[in-house]
Amino acid sequence: MALVAHDRCKPEMLAWARTHRETLTRHRLYATGTTGGILADELDLEIIRFRSGPLGGDQQIGSRIAEGDVDLLVFFWDPLSPQPHEPDVRALLRLAVLADIPVACNRATADFVITSPLLAVADDPDRPESPVFAPLAA
Ligand SMILES: O=C(CO)COP(=O)(O)O
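Residues numbered from 1 in each chain as written. Predicted model: local features only at pLDDT ≥ 70, side-chain atom pairs only at ≥ 80, totals over all residues.

**Student:** Is there a simple way to explain the UniProt feature "active site" (unreviewed entry) in the chain in this structure?
**Tutor:** Following the UniProt record, one finds the feature "active site" (unreviewed entry) at D58. Along the chain, D58 falls in helix 4 (residues 57-66). Judged by the 28 C-beta atoms lying within 10 Å of it, D58 falls in the buried class. Each residue touching D58, except ones within four places of it in the same chain, is listed here: V4, T32, G53, H85, D88, V89 and L92. (UniProt positions renumbered as here; feature names shortened; annotations may be inferred. Helix = DSSP H or I, 4+ residues; strand = E, 2+ residues; numbered from the N terminus. Buried ≥ 20, exposed ≤ 12 C-beta atoms within 10 Å, placed from the backbone. Contact = placed C-beta atoms within 7 Å.)

**Student:** Before we go on, may I ask you to explain the UniProt feature "binding site: substrate" (unreviewed entry) in the chain in this structure?
**Tutor:** In this structure's numbering, the residues bearing the UniProt feature "binding site: substrate" (unreviewed entry) are H6, K10, T32, G33, T34, T35, S52, G53 and H85. Looking at where T32 falls in the secondary structure, it is placed in the loop between strand 2 (30-31) and helix 3 (33-43). Other than its neighbours up to four places away in sequence, T32 contacts V4, F50, S52, G53, G57, D58 and I61. Structurally, H85 is set in the loop between strand 4 (73-76) and helix 5 (86-98). The class for H85 is partly exposed, based on 17 C-beta atoms found within 10 Å.

**Student:** Even after reading the chapter, I still don't get the sheet that holds strand 5 (residues 103-104), so can you show me in this structure?
**Tutor:** Within a beta sheet, neighbouring strands are joined by backbone hydrogen bonds and run either parallel or antiparallel to one another. Across the sheet, which stays open at both edges, the five strands sit in the order 3-2-1-4-5 with parallel pairing between neighbours. Across the chains shown, the open sheet's two edge strands, defined by having one partner strand only, are strand 3 (48-49) and strand 5. Sitting on the sheet, helix 1 (residues 10-19) touches strand 1 (2-5) and strand 4, and the angle it makes with strand 1 is about 145°. Here helix 4 sits on the sheet in contact with strand 1 and strand 2, set at roughly 155° to strand 1. (Pairing = 2+ DSSP bridges. Axes fitted to C-alpha atoms, helices over the stretch in contact; angles between N-to-C directions.)

**Student:** So what exactly am I meant to see when it comes to the site of the ligand here?
**Tutor:** The environment of the ligand is formed by V4, H6, T32, G33, T34, T35, S52, G53, P54, G57, D58 and V89. Elements with a minimum of two residues in the shell around the ligand: helix 3 and helix 4. With three residues, helix 3 is the single largest residue contributor to the shell around the ligand. (Near = placed C-beta within 6 Å.)

**Student:** Quick question: what am I supposed to make of helix 1 here?
**Tutor:** Counting along an α-helix, one turn takes 3.6 residues, and residues three or four places apart therefore face a common direction. Listed in full, the buried residues belonging to helix 1 are M13, W16 and A17. Buried residues of helix 1, viewed axially, fall in a sector of 95°; they line one side. Opposite the packed face of helix 1, turned more than 90 degrees from it, sit the exposed residues P11 and A15. Next to the buried residues of helix 1 lie strand 1, helix 2 (21-24), helix 3, strand 4 and helix 6 (107-114). (Arc of directions from axis to C-beta.)

Right, here's the structure in full:
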């Protein structure tokens, strides 16, 4: 999973991650620099941190998505503040849609996604390589 939050949304991301910490510990976590630092410090989560978003972190996560290495993106982007790296933000969201992975842009959606029964498939120890979101049975 990849976790990203703009500055004004970081308290929301921290609160969400605190609520779902136990679930998060069962997955490999990527995050942009500052978001990942806060989650690691506050919640003692093991996180693979990239650069800060404005310095290329969004692009680094986008490249992981393009490589098929990310199954879920939680991106609390700020709808009220312009971002200097807006093109990177758009590119990250575009790649996530293109890759057809779930993208949660607010807490309500992130709550739905992380409590989805589909996510439970990935937590099955007998299927460690299963994707976060298994296809629905045919
Ligand atoms: O800017 C961001 C996403 O666009 C987030 O970056 P940080 O987590 O480094 O603040």
